[in-house]
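Architecture at a glance
So you can see what is in the structure, the chains are spelled out below.
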Amino acid sequence: MKSAFVRAASGFAALLVAGSALAASTKPAAPAAEAEAATRPALNVATATINEINACSRSNLADRGSLRDITLKSKGRDGKERTLKLKLFWKPAKGTGEGRLNVRVVEPKDLAGSSYLLVQKEGAEQLYFYLPAANKVQQVSGDDLNRPLWGTDLSYSDLKQLQGLAATGPTTRIADQVVAGHPSYVLETKLDAATPTYAMMRSYVDQKSCVPLRSDFLDKSGKTVKQLEADATTLSQLDPYWFVTAYTMKDLVRNSQTGIELSDVFLLEQLSEKNFAPDTFYLKNE
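Now for a quick tour of the structure. Just so it is clear, the structure is predicted and the values come from calculations on it, not from any experiment. (Residues numbered from 1 in each chain as written. Predicted model: local features only at pLDDT ≥ 70, side-chain atom pairs only at ≥ 80, totals over all residues. Heavy atoms only, no water.)

Description of the environment of M249
Summarising the element assignment, M249 is placed in strand β16 (residues 246-251). Relative accessible area serves as the criterion here: at 0%, M249 is assigned to the buried category. Sequence separation of M249 and A230 is 19 residues, and the distance between their C-alpha atoms is 8.9 Å. (Helix = DSSP H or I, 4+ residues; strand = E, 2+ residues; numbered from the N terminus. Buried < 20%, exposed > 50% of the residue type's maximum accessible area, 1.4 Å probe, protein only.)

Some words on helix α3 (residues 50-58)
All buried positions along α3 are accounted for by I53, C56 and S57. Buried residues along α3 cover an arc of 100° about the axis, so they all sit on one side. (Arc of directions from axis to C-beta.)

Quick word on the nonpolar core
Within the largest apolar cluster, 38 residues are counted, with the highest numbers of intra-cluster contacts made by I70, L86, Y116, W150, Y156, Y247 and I260. With four residues, the single largest contributor to this core is strand β4 (residues 81-90). The next biggest cluster of nonpolar side chains, apart from the first, holds 10 residues, and it includes L117, Y128, F266 and L271. (Core = buried A, V, L, I, M, F, W, Y, C linked by side-chain atoms within 4.5 Å.)

Looking at the pairing of β16
Within a regular strand, the side chains alternate between the two sheet faces. As paired elements, strand β13 (residues 224-230) and β16 share five bridges and run antiparallel to each other. Looking at the pairing, L228 lines up with M249 of β16. The pairing of β16 with strand β17 (residues 256-262) spans six bridges and is classified as antiparallel. Bridging across to β17, M249 finds its partner in T258. Taking the residues between adjacent antiparallel strands as the criterion, β16 and β17 are bridged by four residues, where N255 takes a positive phi near 55°. (Pairing = 2+ DSSP bridges.)

The structure is reproduced here in structure tokens:
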């Protein structure tokens, strides 16, 4: 049975466009939605290339500023549960369309204000972290990208998967599979050697919606060490966008898992650029 949180999120219940709230049944205002729908790739399942599949996945991302609330509920081997509430801001870079993510902790109080910024630039990724207690911004690199984040089973690198951003690296398409009843493309991506925790990521992308339904993270021996799995029953559409509102991240080495619930997508036309600058991303920018 879906939680009230997930049920409320099942249809983009409120789209905020230029500061105006729209009802859940209201589609994104034309002509923006119509233009987006017109550019959505129509894929031939048998011959679809990696670039075409990735482009189709990206068409589910809002082409303007947006916000999603995230609730993480982690459970460790000792049975203890921990809940975090986050805000995820998204805005593609003007001109290039490269992804930019800003994630802030809202609860619990001891972590509130902790913030994370991911900026894709010229095919590379720059990551920054702000901890209020230290009162300074640190750039994150190397294996730190894959360390557990705020006591959960998610890492810095994992967060971008929630936004549907494709992994970077040499990628090949292998035999299709069925995931939770959905025929899916399967892509294998060799990951950067600078992040040695994972050597490869295997992505399972729904052929109808182009939404990733599962991501397997493999070590150098080919063993799956972590798995991000969507709750396919929450796969929903508000034309032209497809989205999922619930995931589970499993750490198969630590024998722990984190439940992930995402809210509606709130479109924010006037989202400040200060939210995506390394020296101001952690501030409450209007």
